[in-house]
Amino acid sequence: MPGQVSLGSYTFVPETKENLDWAELITLDLSKYNTSEGKHELAQFLIKALREKGFFYVKNFNISQEAVNRQFSVGRELYELPLEEKLKYVPEGLDQGQFNGYVPAGRRILDEKSGIRDRVEIYNIPSALLTSPPSLIQDNIEEIEQFAKLLHSEVLDPLHTLLAIALELPEDYFRNIHKYEVKSEDHLRYMKYTKFSSEENEALGNKWVRGHTDLGSFTLLFRQPVAALQIRDPVHNEWKWVKPQDATLTVNACDAISFLTGGYVKSTIHRVVAPPKDQQHVDRLGLLYFSRPHNDVVLKTVAESPVLQREGFTQNEFEKSGNPTPTVEAWTFAKQKWQRRKDVTIEDKEHRTAQILPGFREQIYV
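Residues numbered from 1 in each chain as written. Predicted model: local features only at pLDDT ≥ 70, side-chain atom pairs only at ≥ 80, totals over all residues. Heavy atoms only, no water.

A.B. asks: How do you make sense of empty space enclosed by the protein when you look at a structure like this?
C.D. replies: The rolling of a water-molecule-sized probe over the atoms marks out the regions of remaining empty space. Counted by the stated rule, this structure contains four cavities of 30 Å³ or more. Of the volumes computed, that of the largest cavity is approximately 940 Å³. As for the largest cavity, its lining consists of 43 residues, and the residues nearest its centre are Arg 108, Met 191, Val 209, His 212 and Gln 339. With five residues, the top contributor of residues to the lining of the largest cavity is strand β8 (residues 207-212). Residues belonging to the lining of the largest cavity are distributed by class as follows: 18 nonpolar, 13 polar and 12 charged. Roughly 120 Å³ of internal volume is contained in the second largest cavity. (1 Å grid on protein atoms, 1.4 Å probe; cavity = no way out; pocket = protein on both sides within 12 Å on 5 of 7 lines; lining within 4 Å. Points joined across faces, edges and corners; volume = space filled by probe spheres on them. Helix = DSSP H or I, 4+ residues; strand = E, 2+ residues; numbered from the N terminus. Nonpolar A, V, L, I, M, F, W, Y, C, P; charged D, E, K, R; others polar.)

A.B. asks: Mind showing me how you'd approach the layout of surface pockets here?
C.D. replies: In this structure, the largest pocket occupies an estimated 430 Å³ of space. The wall of the largest pocket is formed by 23 residues, among which Ser 258, Lys 266, Ser 267, Gln 363 and Tyr 365 lie closest to the centre. Elements with a contribution of two residues or more to the lining of the largest pocket: α7 (255-260) and α9 (317-321). Looking at side-chain class alone, the lining of the largest pocket contains six nonpolar, 11 polar and six charged residues.

A.B. asks: Before we go on, may I ask you to explain the sheet that holds β8 in this structure?
C.D. replies: Each strand in a sheet pairs with its neighbour through backbone hydrogen bonds, running either in the same direction (parallel) or in the opposite one (antiparallel). One open sheet accounts for four strands, arranged β8-β13-β10-β11; its pairing is antiparallel. Looking at the sheet topology across the chains shown, the edges are occupied by β8 and β11 (239-241). Averaged over all pairs of adjacent strands, the angle between their axes in this sheet comes to 25 degrees, without regard to strand direction. Pairing analysis gives three bridges linking β8 to strand β13 (residues 270-273), with the strands arranged antiparallel. When the sheet's bridge partners are listed, Lys 207 is paired in β13 with Val 273. (Pairing = 2+ DSSP bridges. Axes fitted to C-alpha atoms, helices over the stretch in contact; angles between N-to-C directions.)

Set out below in structure tokens:
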């Protein structure tokens, strides 16, 4: 593509050869999206996936593998910068819930006895874009923004349309509160998990990130072959591995969608564990996009959905408790402040069951 900055090629490591207990997930083929019949078929597949698993795959979403690989290359080059350079881009107010820019590793204690801390580095780029990012990001900013816009038009808009159809709402209902150009806390993320030794993994019980839910609408995770993501099956409450599938996105439902549907769609519980033995010698680089409604949207149950009315899902946690229903902005920064608390141990039960806002407490997911 003319004008592209040279990033070098990106090579993915081989997939694991271990026979893991993989989750059986539905794949949505968006090549069917352009016909009325296909759209309605996909809507039923989507709501089944959301209700039964919470995670699903998407394929044929009109973004080239070359474009995806270039974003992985940006992430690789970003994390090869010296730590002192990356630390220049830590957001002011990180401990108060700010999250755009660089979030360094080591803020959370994974094992109190050994003192092992997390090795997760995060770099978030919001839809409004960052001012004064690293030169690597600035040099590629037009391509990064175009990539984010494509995720909206080619993936998120169809998913929001399909969800509206499934809930018997106007097709543009959820699209209208997820527009790229309107202020939200959407962001693209480059995320690096640096490996632990086998002895460290043993001390950690092979658990890197405890069970949790995401706070937005949908999370998009691009295929990368290091197996580490697990979901808790909402029907059987069993942990299953999520298998990397070629040419797909892995998608999960998040808190905002759960609130908007009165719990009809549940926010998916997931965690990150040590990879299988044949992949524990490599780091894990993730490329993700976090979708969230506009900041001023109030997270009340969509009362006009005939489906939610028939099924009896008419109130979310805030509404049931009689507490004020927050805007997306208030919810986002309250949960981010909880997530970004420094020096907390992952066994701290008080933290893990904290009240995020009146009417909602976090839970321990085992």
